[in-house]
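Survey of secondary and tertiary structure
Below are the chains, spelled out letter by letter.
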Amino acid sequence: MSDYRPLALNIIFRASHSTLWELADKAGILGSLRLSINSLEFAEHSMVAEEALFGGAVDFVAGNHITPYKWVAQGKPIVCLASPGNAVQDRIVTHDPISSLDELKGKTLRIADSSLHDATGRVGHTRGNHILDVLRAGFEENEMEWLDMGQSTETNFQRDTIEAVRTGKAQIGFGVGRGASVQGEGLHTLQLPRLPMVNGTTLTTTYETLQKREGLAERLVKALVLTIHYARVHPDEAQKFLDTKMGRPYPERGGRAVSIARYPMRPYPTTDGVANAYELCYRQYPETQDVSPFALWDMHYLRALDLSGFIDELIQEQPENVREAATVSWEG
């Protein structure tokens, strides 16, 4: 890696996916690979992130999961290099206690949830996950009645969702935690089965960018793996870095180091995770069904690093209790 020229990265991220790259910078991992961060900016909508990517304003997008399949269908040179997060586990609130959604079958299921479309008119990832949750529980499309409670970021969203379930307008509600407001209303929560879904800090870039930026893919994949390793082996130091303002040239948003430590050391996408993300895309963009979902993914950079033995060596450096915990709960 010392043979590569220094590169200052321009990164755009979705949701909270800046955390890993901020830690990679502050822990010196990027510096060891002759990388630095020039900008690390948040994009509220995937459209903004993709415009910046295709226009060459950024080197990669962290955390873009659904719409990239559409761009493959349209012949854009978009590519994903890694996916460390491949499952979600949603929680619902109900009026009466249940142990499974199966108990509500036999009639139309009324569901309070965030709006189907975001401000750009695209189907939201979160709502899409919930649709698949209910489908996987055995309901048909015509057995669901969705009640839009507005965007999940709006002030009244949780209050309105709780009220819909409390009054019987909805049988279940998504997007509400187990807080005092739920308990105070006499409602109950249920954690649903894990849903395979690409949802973590994906590395999304273009082949044009990789051709212009020497060794970018190899270095980004290695930085991703090293940062996951660092968060596992040095959890306290990692959190301190994220909690400390260090005068970086980008907004230092911090985050939770444990969320990085839970990622697998081999951040390959899973077959089911890709299939479900792909399904959410072609539900809105039917033309996407004309291409393979794996046309988006180029794993040879990660595969080369894996075959070199580098990842195995890192895993062997980890304390036994860390390796055991990873096997049980992190490899998702």
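Residues numbered from 1 in each chain as written. Predicted model: local features only at pLDDT ≥ 70, side-chain atom pairs only at ≥ 80, totals over all residues. Heavy atoms only, no water.

1. Concerning the sheet that holds strand β6 (residues 91-94)
What the 5 strands build is an open sheet, ordered β8-β7-β9-β6-β10; its pairing is mixed. With one partner strand each, in any of the chains shown, β8 (144-148) and β10 (188-191) form the two edges of the open sheet. Taking the axes of each pair of neighbouring strands and ignoring which way they run, one obtains an average angle of 30° across the sheet. Summarising the sheet, β6 and strand β9 (residues 172-174) pair through 3 bridges and their orientation is antiparallel. (Pairing = 2+ DSSP bridges. Helix = DSSP H or I, 4+ residues; strand = E, 2+ residues; numbered from the N terminus. Axes fitted to C-alpha atoms, helices over the stretch in contact; angles between N-to-C directions.)

2. Quick look at the layout of surface pockets
When its volume is computed, the second largest pocket comes out at roughly 200 Å³. Contributions of two or more residues to the lining of the second largest pocket are made by α5 (125-136), β10 and β11 (195-196). Considered class by class, the residues forming the lining of the second largest pocket number 7 nonpolar, 3 polar and 4 charged. (1 Å grid on protein atoms, 1.4 Å probe; cavity = no way out; pocket = protein on both sides within 12 Å on 5 of 7 lines; lining within 4 Å. Points joined across faces, edges and corners; volume = space filled by probe spheres on them. Nonpolar A, V, L, I, M, F, W, Y, C, P; charged D, E, K, R; others polar.)

3. So, the environment of S46
Take S46: it is sitting in helix α3 (residues 46-54). Taking the relative accessible area as the measure of exposure, S46 reaches 9% and is therefore buried. When the C-alpha positions of S46 and I29 are compared, they lie 27 Å apart, and in sequence the two are 17 residues distant. The residues contacting S46, other than those within four sequence positions of it, are R14, N64, T67 and R122. (Buried < 20%, exposed > 50% of the residue type's maximum accessible area, 1.4 Å probe, protein only. Contact = heavy atoms within 4.5 Å.)

4. As for the packing of aromatic side chains
Tallying each qualifying case throughout the model produces 7 aromatic pairs. When the centroid spacing of 5.2 Å and the interplanar angle of 75° are considered together, the rings of Y278 and Y282 count as edge-to-face. Of the two residues, Y278 and Y282 are both situated in helix α12 (residues 271-284); the distance of 4 residues between them amounts to about one turn of the helix. In textbook terms, an aromatic cluster arises when at least three aromatic residues are bridged by ring pairs, as seen for Y69, Y278 and Y282. A cation over an aromatic ring shows up here: K70 above the ring of Y285, its NZ or CZ 4.6 Å from the ring centre. Note that K76 overlies the ring of F54, its terminal NZ or CZ placed 5.1 Å from the centroid. (Phe/Tyr/Trp six-rings, centres within 6.5 Å; stacked < 30°, edge-to-face > 60°. Lys NZ or Arg CZ within 6 Å of the ring centre and 35° of its normal.)

5. Section: the nonpolar core
Residues W21 and L203 are the most contacted members of the largest nonpolar core, which totals 90 residues. The biggest single contributor to this core is helix α9 (residues 216-233), with 11 residues. Core analysis: the second largest hydrophobic core is formed by 12 residues, V93, F157, I162 and A170 among them. (Core = buried A, V, L, I, M, F, W, Y, C linked by side-chain atoms within 4.5 Å.)

6. Some details on the confidence of the model for the chain
The predicted model of the chain has a mean per-residue pLDDT of 93, with 95% of residues at 70 or higher. Low pLDDT, under 50, characterises residues 328-332; the stretch is placed with 14 contacts to residues that sit more than four places away or in other chains. (pLDDT = per-residue confidence, 0-100.)

7. Quick word on the sheet that holds strand β3 (residues 60-62)
Sheet strands pair via backbone hydrogen bonds, and the direction of the pair is either parallel or antiparallel. Judged by pairing direction, the sheet is mixed, and its 5 strands sit side by side in the order β2-β1-β3-β12-β4 without closing on themselves. Each of the sheet's edge strands pairs with one partner strand only, and the pair in question is β2 (35-42) and β4 (78-82). The sheet shows a mean angle of 30° between the axes of neighbouring strands, direction not considered. Where β4 and strand β12 (residues 203-206) come together, 4 bridges link them in antiparallel fashion. Counterpart to V79 in the pairing with β12 is T205. Running over the sheet, α3 touches β1 (7-13), β3, β4 and β12 and is turned about 45° from β12.

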